[in-house]
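Fold and contact review
One-letter residues, chain by chain:
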Amino acid sequence: MASLKNTIEIEVTTNTPFELKPKTEALIQLSKLDNDVLLKLAELSKSPKAITQLKTNFGMIKGFLG
């Protein structure tokens, strides 16, 4: 099956100009994920509890999964 490519324009908000490049690169990486994984990450992004856990326990999560 052929893949479809679509260009979209999104507004990226950052606190400093130095955050723009890494944030843009992260969004490009996320766009490469399959739909199921991307939708699950989007669902987690709506949860303040999930975001807090990711921020405070990222090393442990990465080590456990990596």
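Provided above is the structure to which this section pertains.
The following paragraphs examine the structure supplied in this document. All values derive from a computational prediction rather than experimental measurement. (Residues numbered from 1 in each chain as written. Predicted model: local features only at pLDDT ≥ 70, side-chain atom pairs only at ≥ 80, totals over all residues. Heavy atoms only, no water.)

**Some words on the pattern of salt bridges**
We count it as follows: We count a salt bridge whenever a side-chain nitrogen from Lys or Arg sits within 4 Å of a carboxyl oxygen from Asp or Glu. Helical segments are the DSSP runs of H or I of at least four residues, strand segments are the runs of E of at least two, and each set is numbered from the N terminus.
Applying the stated criterion across every chain yields a total of one salt bridge. The salt bridge involving aspartate 36 is made with lysine 40; its shortest N-O contact spans 3.1 Å. With aspartate 36 and lysine 40 both in helix α2 (residues 35–45) and four residues apart, the pair spans about one turn of that helix.

**Description of the environment of glutamate 9**
Mapping glutamate 9 onto the fold places it in the segment before α1 (20–31). Sequence separation between glutamate 9 and alanine 50 is 41 residues; the distance between their C-alpha atoms is 27 Å.

**As for the environment of phenylalanine 18**
Note that phenylalanine 18 resides in the segment before α1. The spacing of phenylalanine 18 and leucine 38 is 20 residues in sequence and 25 Å in space, taken between C-alpha atoms.

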